[in-house]
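Reading the structure
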Amino acid sequence: MSMRDQIIAALQPLHSEHLDVQDESHMHSRGQETHYKAVIVSPAFAGLNAVKRHQKVYATLGELMQQFHALALHTYTPEEWAAQGAAPDSPTCRGGSKHDH
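First things first, this report covers the structure right here in the doc. Remember, predicted model here, so these are calculated numbers, not experimental data.

Digging into the pairing of strand β3 (residues 70-76)
Most of β3 is tucked away, with five of its seven residues classed as buried. Here strand β2 (residues 35-41) runs beside β3; their pairing, made up of seven bridges, is parallel. Directly across from I40, in β3, lies its bridge partner T75. Taken together, β2, helix α2 (residues 50-61) and β3 constitute a β-α-β crossover, and its handedness is right-handed.

Here it is, written out as structure tokens:
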């Protein structure tokens, strides 16, 4: 099972209305399956600030967090997602990448 699939499976307890996990390792120079972006829309985030939402995601992932380098989180309640409708694009890696020419 790929790391992406493991992350998706581990996040199921959040009962997301929308869950998108993207492997963005190709944008970085640390190797395969190292950098991810997760867009999570869940009623479990209601009343929580960004830090508490991220802590909830980290706790849900548990030990899996030790198996990759980075996870960009975009967490929304269903109401926020309905108003926004999309997560921002990830920035270009500031450290450069072996894939940049």
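A word on the pattern of salt bridges
In this structure the tally under the stated criterion is two salt bridges. Residues D5 and R4 are paired through a salt bridge, measuring 3.6 Å at the closest nitrogen-oxygen approach. D5 gets classed as partly exposed once you look at its relative accessible area, which sits at 35%. Between E80 and R53 there is a salt bridge, with the nearest N and O atoms lying 2.7 Å from each other. Separated by 27 residues along the polypeptide, E80 in helix α3 (residues 78-84) and R53 in helix α2 bring together distant segments of the chain.

Observations concerning the nonpolar core
Of all hydrophobic cores here, the largest spans 16 residues; its most connected members are I7, L11, I40, V57, L61 and F68. Setting aside anything within four residues of it in sequence, one finds L11 in contact with L19, V21, I40, V57, T60 and L61. V39, V41, Y76 and A87 belong to the second-largest nonpolar core, a separate cluster that totals five residues.

A closer look at the side chain of S42
Within the secondary structure layout, S42 lies in the loop between β2 and α2. One polar contact links the side chain of S42 to the main-chain carbonyl oxygen of L14, over a distance of 2.6 Å. Of note is the side chain of S42, whose polar atom sits 3.0 Å from the backbone nitrogen of A44. Look past the residues within four positions of S42 in its chain and what remains in contact with it is L14, H15, S16, Y76, T77 and P78.

Considerations on the pairing of β2
For β2, the tally of buried residues reaches seven of seven residues, placing the bulk of the element in the interior. In this structure, strand β1 (residues 18-23) lies alongside β2, joined through six bridges in antiparallel fashion. For V21, the partnering residue across the bridge sits in β2 and is A38.

Parameters at a glance
Along each chain, numbering runs from 1 in the same order as the chain's sequence is written. Confidence filtering applies because this is a predicted model: local features only for residues at pLDDT of at least 70, side-chain atom pairs given and counted only at 80 or more, and all residues used for totals across whole chains, interfaces and linings. The side-chain quantities take in all heavy atoms of the structure and omit both hydrogens and water. Burial status follows relative accessibility: with a 1.4 Å probe on protein chains alone, a residue under 20% of its type maximum counts as buried, one over 50% as exposed, and anything between as partly exposed. Helix and strand labels come from DSSP, where a helix needs a run of H or I of at least four residues and a strand needs a run of E of at least two; each type is numbered from the N terminus. Any two strands between which DSSP finds at least two bridges are classified as paired. Every crossover in which the path from the first strand over the helix to the second runs clockwise, viewed with the strands pointing away from the viewer, is termed right-handed. Here a salt bridge means any side-chain nitrogen of Lys or Arg lying within 4 Å of a carboxyl oxygen belonging to Asp or Glu. Residues belong to one nonpolar core when they are buried, are Ala, Val, Leu, Ile, Met, Phe, Trp, Tyr or Cys, and are joined through side-chain atoms within 4.5 Å. Contact criterion: two residues are considered in contact whenever any of their non-hydrogen atoms come within 4.5 Å of each other. Here a polar contact is recorded for every N or O atom pair within 3.5 Å, except that within protein the pair must consist of a potential hydrogen donor and a potential acceptor, and residues adjacent in sequence are included only if both atoms are side-chain atoms.

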